[in-house]
Amino acid sequence: MTSTFLPDKRGGPAVDPPPPAVRAARGRSRRRVLNWLTAVGFQLPALVLFIALVLLPMLFALYAAFFRWGGFGMPSDYIGGDNFTQLFQDDVFLGDLWRCLVLVALSLALQLPFALAMAVLLNQRLRGRAVYRMLFFAPYVLSEAITGVLFSMVFAPEDGLADHVLGAVGLDGLGGEWFADPSCVMAVLFLVMTWKYFGFHMMLYLAGLQSVPPELTEAALIDGANAWQRFRNVTLPLLAPTLRISVFLSVIGSIQLFDLVWVITQGGPDHHSETMAVTMFQFGFRRYQAGYASAISVVMFGICLVFALAYQRFVLRRDLEGATTTMRGDGK
């Protein structure tokens, strides 16, 4: 068996070329290093921004929560966990937690079912359904500030559109100071929230409904299932992943609600419409108690984190397992 010798350019003895398997291994190693460097190059700018704008502020808020700090200079008056102790003895913050639960419950019980019903309706073959979809989704495109100003005028006492409409149909006794009445301010705020956000969830459901194979509903129709049975036994189970994502976004949004409340009521009257985010803003930027506001932000983050982890563990587990893929070249 003969072998090919390559002459050494320096005049030394001839050297055998590396075997093909070795050359292939070296080539794969170089490709892996190149792919790794390429991935790092693309991810590094985003990673730097994430660390600078998200991670470091979060860590600093956690640090500042253990100080009595006015927001200027570096925190120096260490008070341990007094901010958290005071927080859970504050009637306003405890009321914020209760109002948060109320908003979450109303969103899950009313807003999302309404969005689903509209999605099912607009998924039918209706004349002009594209126009209806655009009209129902349009409020979500508006900023929260514009929405707040708009409904501040709609529900303005005596001169607002709501009072004029009620007066035109003989129900002027139901009108009044909508956002100044502690007994109805949260209900009116939830009405505004529903108008603003239900279009987003409706579009999510529409996307999910359009991915349902029509053959399944046609087969159920042939088997004698009525419209409700087809929806309950065929459409709804296939729409479940979309519903779970919608519920997650709705709960997180209710916990973090700020813009609409601040523009419309600023938490009034007498804290009856405050949320945790509004209370945090009040203490941080109005009362200059940044340490206490940082403690509120830490609690908000903790609530969102615990909910997200629990929801992922117990609700989104099947969806995440189904979406798990590997990057192995052998497909295993």
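Please refer to the structure placed before this passage.
Residues numbered from 1 in each chain as written. Predicted model: local features only at pLDDT ≥ 70, side-chain atom pairs only at ≥ 80, totals over all residues. Heavy atoms only, no water.

**Q** Can you walk me through the pattern of salt bridges in this structure?
**A** Between side chains of opposite charge, a pair can form when the charged atoms approach closely. One pass over the full model with this rule turns up three salt bridges. Among the ionic pairs, D77 bridges to R68, the shortest N-O distance being 3.0 Å. When its relative accessible area of 35% is taken as the criterion, D77 is described as partly exposed. Exposure remark for R68: the relative accessible area of 54% places this residue in the exposed category. Close ionic contact of D96 with R99 constitutes a salt bridge, the shortest N to O distance being 2.8 Å. Remark: R99 and D96 occur in helix α3 (residues 91-122); sequence separation between them is three residues, near one turn of the helix. Classification of D96 as buried rests on a relative accessible area of 1%. (Salt bridge = Lys/Arg side-chain N within 4 Å of Asp/Glu carboxyl O. Buried < 20%, exposed > 50% of the residue type's maximum accessible area, 1.4 Å probe, protein only. Helix = DSSP H or I, 4+ residues; strand = E, 2+ residues; numbered from the N terminus.)

**Q** Could you clarify how one ought to interpret a positive patch on the surface in this entry?
**A** A cluster of basic side chains, namely R26, R28, R30, R31 and R32, defines a positive patch on the protein surface. Its location among the elements puts R28 in helix α1 (residues 20-64). Judged by its relative accessible area of 42%, R28 is partly exposed. (Patch = residues over 30% accessible without salt bridge, like charges linked within 9 Å, V, L, I, M, F, W, Y side chains within 5 Å. Areas by Shrake-Rupley, 256 points an atom, 1.4 Å probe, with all protein chains shown as cover. Lys, Arg positive; Asp, Glu negative; His and termini not counted. Charge placed at Lys NZ, Arg CZ, Asp CG, Glu CD.)

**Q** I tried to follow the side chain of T279 on my own but got confused; where do I start?
**A** In this structure, T279 sits in helix α11 (residues 276-286). Under the relative-accessibility criterion, T279 is labelled buried at 1%. In terms of polar contacts, T279 uses its side chain to reach the side chain of D96, at 2.4 Å. (Polar contact = N/O pair within 3.5 Å; in protein donor to acceptor, adjacent residues only side chain to side chain.)

**Q** It is not clear to me how the packing of aromatic side chains should be interpreted in this structure. Could you clarify?
**A** Between two aromatic rings, the relevant description is the distance of the centres plus the angle of the planes. Throughout the structure, instances matching the rule amount to 25 aromatic pairs. Plain terms: the ring middles of F258 and F281 are 5.4 Å apart, the flat faces sit at 50° to each other, and that makes the pair tilted. Of the two residues, F258 sits in the loop between α9 (227-255) and α10 (259-264) while F281 sits in helix α11, which places them 23 residues apart along the sequence. Residue F281 is classed as partly exposed on the basis of its relative accessible area, which comes to 24%. Put simply, the rings of F60, Y63, F67, W69 and Y78 pair up and form one aromatic cluster. The ring of F283 carries the charged tip of R287 above its face, separated from the ring centre by 4.4 Å. (Phe/Tyr/Trp six-rings, centres within 6.5 Å; stacked < 30°, edge-to-face > 60°. Lys NZ or Arg CZ within 6 Å of the ring centre and 35° of its normal.)

**Q** It is not clear to me how the packing of helix α8 (residues 214-222) against α9 should be interpreted in this structure. Could you clarify?
**A** To describe two helices that pack against each other, one gives the angle between their axes and the distance between the axes. At a minimum axis separation of 10 Å, α8 and α9 run at an interaxial angle of 165°. Of the possible angle classes, the one that applies to α8 and α9 is roughly antiparallel. When you trace α8 past α9, the crossing you get is right-handed. Contacts between α8 and α9 involve L216, T217, A220 and L221 from the first element and R230, V234, T235 and L238 from the second. A class-by-class count of the residues in the contact of α8 with α9 yields five nonpolar, two polar and one charged. (Axes fitted to C-alpha atoms, helices over the stretch in contact; angles between N-to-C directions. Parallel < 35°, antiparallel > 145°, perpendicular 65-115°, else oblique. Left-handed = near helix turned anticlockwise from the far one by under 90°. Contact = heavy atoms within 4.5 Å. Nonpolar A, V, L, I, M, F, W, Y, C, P; charged D, E, K, R; others polar.)

**Q** It is not clear to me how unusual backbone geometry should be interpreted in this structure. Could you clarify?
**A** Glycine aside, residues mostly have negative phi, and peptide bonds are mostly found in the trans state. Of note, the bond from G268 into P269 is cis; its omega dihedral lies within 30 degrees of zero at -5°. In this fold, P269 is placed in the loop between α10 and α11. For D270, which is not a glycine, the phi torsion comes out positive at approximately 55°. Although it is not a glycine, H271 sits at a positive phi angle of roughly 70°. Looking at the secondary structure, you find H271 in the loop between α10 and α11. In this structure H271 comes out as partly exposed when scored by relative accessible area, which is 28%.

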